[in-house]
Amino acid sequence: MIKRSVSMSAILSENSLIFQEKQYFDKWKNFFVLAVVMVTINAVILLYVFYIFHEVPSLFLFLVAIPVLVFMITFFLFSKMEMTTEVRYDGLYIRYLPTQRTFRYFPFESIESSQRSKGEMLDRINNWRIRSYPNRTIYQCGSSEKVLIKLVNGKTLLIDSKSPDELIAAISSMKKM
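How each quantity is defined
Within each chain, residue numbers correspond to sequence positions counted from 1 in written order. Where local features are concerned, this predicted model is filtered to residues with pLDDT of at least 70; where side-chain atom pairs are given and counted, the filter is 80 or more; whole-chain, interface and lining totals use all residues. Hydrogens and water molecules were not included; the side-chain quantities draw on all heavy atoms of the structure. Labels follow the DSSP assignment, with helices taken as runs of H or I lasting at least four residues and strands as runs of E lasting at least two, numbered in each case from the N terminus. Under the scheme applied here, a residue whose accessible area is under 20% of the maximum for its type counts as buried, over 50% as exposed, and between as partly exposed, the area being computed with a 1.4 Å probe on protein chains only. Residue contacts are defined here by distance: any two heavy atoms, one from each residue, within 4.5 Å place the two residues in contact. Using a 1.4 Å probe, accessible areas were evaluated by the Shrake-Rupley method; residue-level cover was limited to the displayed protein chains. Here a patch means residues that are over 30% exposed by relative accessible area and free of salt bridges, tied together within 9 Å if like-charged and within 5 Å if nonpolar (Val, Leu, Ile, Met, Phe, Trp, Tyr). Any carboxyl oxygen of Asp or Glu that lies within 4 Å of a side-chain nitrogen of Lys or Arg is treated as forming a salt bridge with it. Strand pairing is assigned whenever DSSP detects at least two bridges linking the two strands. Axis angles are defined between N-to-C directions and span 0 to 180 degrees, where every axis is a line fitted to C-alpha atoms and, for a helix, only to the segment in contact. Here the expected length of a helix is defined as 1.5 Å per residue gap, with one fewer gap than residues. By definition, the arc is the one covered by directions from the helix axis to the C-beta atoms.

## Brief notes about the overall build of the protein chain
Part 1 of the argument: The number of helices and strands found in the protein chain is three helices and 10 strands.
Part 2 of the argument: Its helices and strands taken in sequence order, the protein chain reads β-β-α-α-β-β-β-β-β-β-β-β-α from the N to the C terminus.
Part 3 of the argument: For the protein chain, the proportion of its 177 residues judged to be buried stands at 38%.
Part 4 of the argument: Pairs at least 24 apart in sequence give 52% of the contacts found in the protein chain among residues at least 6 apart.
Part 5 of the argument: For the protein chain, the exposed area adds up to about 10800 Å²; of that, 64% sits on carbon and sulfur atoms.

## Description of a nonpolar patch on the surface
Part 1 of the argument: On the surface, Val33, Val37, Ile41, Ile45 and Val49 cluster together to form a nonpolar patch covering roughly 410 Å² of accessible area.
Part 2 of the argument: By the secondary structure assignment, Ile41 is in helix H1 (residues 28-52).
Part 3 of the argument: Of the residues examined, Ile41 reaches a relative accessible area of 48% and is grouped as partly exposed.

## What to know about the sheet that holds strand S8 (residues 136-141)
Part 1 of the argument: One open sheet accounts for five strands, arranged S6-S9-S10-S8-S7; its pairing is mixed. For this open sheet the edge positions go to strand S6 (111-118) and strand S7 (128-133), each flanked by a neighbour on one side alone. Here the strands of the sheet are splayed against their neighbours by 15° on average, with no regard to which way each runs.
Part 2 of the argument: Running over the sheet, helix H3 (residues 164-175) touches S6 and strand S9 (145-151) and is turned about 170° from S6.

## Structural notes on the pattern of salt bridges
Part 1 of the argument: Within the structure shown, the criterion is met by five salt bridges.
Part 2 of the argument: Between Arg116 and Glu145 there is a salt bridge whose closest N-O contact spans 2.5 Å. Here Glu145 lies in strand S9 and Arg116 lies in strand S6, a separation of 29 residues in the sequence.
Part 3 of the argument: The exposure class of Arg116 is partly exposed, given its relative accessible area of 42%.
Part 4 of the argument: Residues participating in the shared-partner salt-bridge network are Arg116, Glu145 and Asp165.

## A few points about H3
Part 1 of the argument: The terminal C-alpha atoms of H3, which comprises 12 residues, lie 17 Å apart, in line with the 16 Å expected from a rise of 1.5 Å per residue.
Part 2 of the argument: Pro164, Leu167, Ile168, Ala170, Ile171 and Met174 are the residues of H3 that are buried. One face of H3 carries all of its buried residues, which in axial projection span an arc of 160°.

## Overview of unusual backbone geometry
Part 1 of the argument: Looking along the chain, the bond that leaves Leu97 and enters Pro98 is cis, with omega of 5°.
Part 2 of the argument: Tracing the sequence through the fold places Pro98 in the loop between strand S4 (91-97) and strand S5 (104-107).

## Details of the pairing of S8
Part 1 of the argument: The buried count for S8 comes to five of six residues, which makes it a mostly enclosed element.
Part 2 of the argument: Pairing geometry for S7 and S8, over six bridges, is antiparallel. Directly across from Trp128, in S8, lies its bridge partner Cys141.
Part 3 of the argument: With antiparallel pairing between neighbouring strands as the criterion, S7 and S8 make up a hairpin whose turn holds two residues.
Part 4 of the argument: One ladder, built from four bridges, connects S8 with strand S10 (residues 156-160); its direction is parallel. Looking at S10, one finds that Tyr139 is bridged to Ile159.

What follows is the structure, given as C-alpha cells:
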C-alpha cells in the first residue's frame, strides 16, 4: 500500500533527525489503468463516429489527444505525491508534496500533547489531501492510523502515520529534554 521509511535514533546527525516517515502515493497504478480504459473507450467511439459519418472533419480526431494529455499530466502529479513527517531536535516538520514545497515547522514549545487517534472508515480510499479548518489541520495520505497533536494555541493537527507509536514516542522524548 504505502511505502514508508522510518528511522529513529538518539544519535545526532547532520540535520538532527530523530524520526522520519515518508509516505508515497502508490494508487497511481490503478489510476493509470482507469485512464487507459477511458481513453481507449473515447478513441473507439470517436473512430467509430468518423468511420460511419465520413463528412465529420478529421479535426475531431484531435479530441482523442485531449483526454490523453489531461491524464498524462494528472498521472505525473499523482506519481509525485509524498508526505514527509520528521521530528528533529528543534520541532516537528511536515511537508506534503507537490502542494507544499517547504516543511511546515511546529516547535516543541507550541506542542501541548500528542496521542494516537483512529481515522474514519473511508479515510483509506484515496484521501490524499490537506484539509484546513479554523482550529484544525488534517494531513491525509490514505492511512487509517493517525496522530492527534494539540497545540498550545488551541489548534490541533491530525497527521496520518503508518507508525504512530514511534512518532508519538519521538515527540514525547524531545519534549522532555
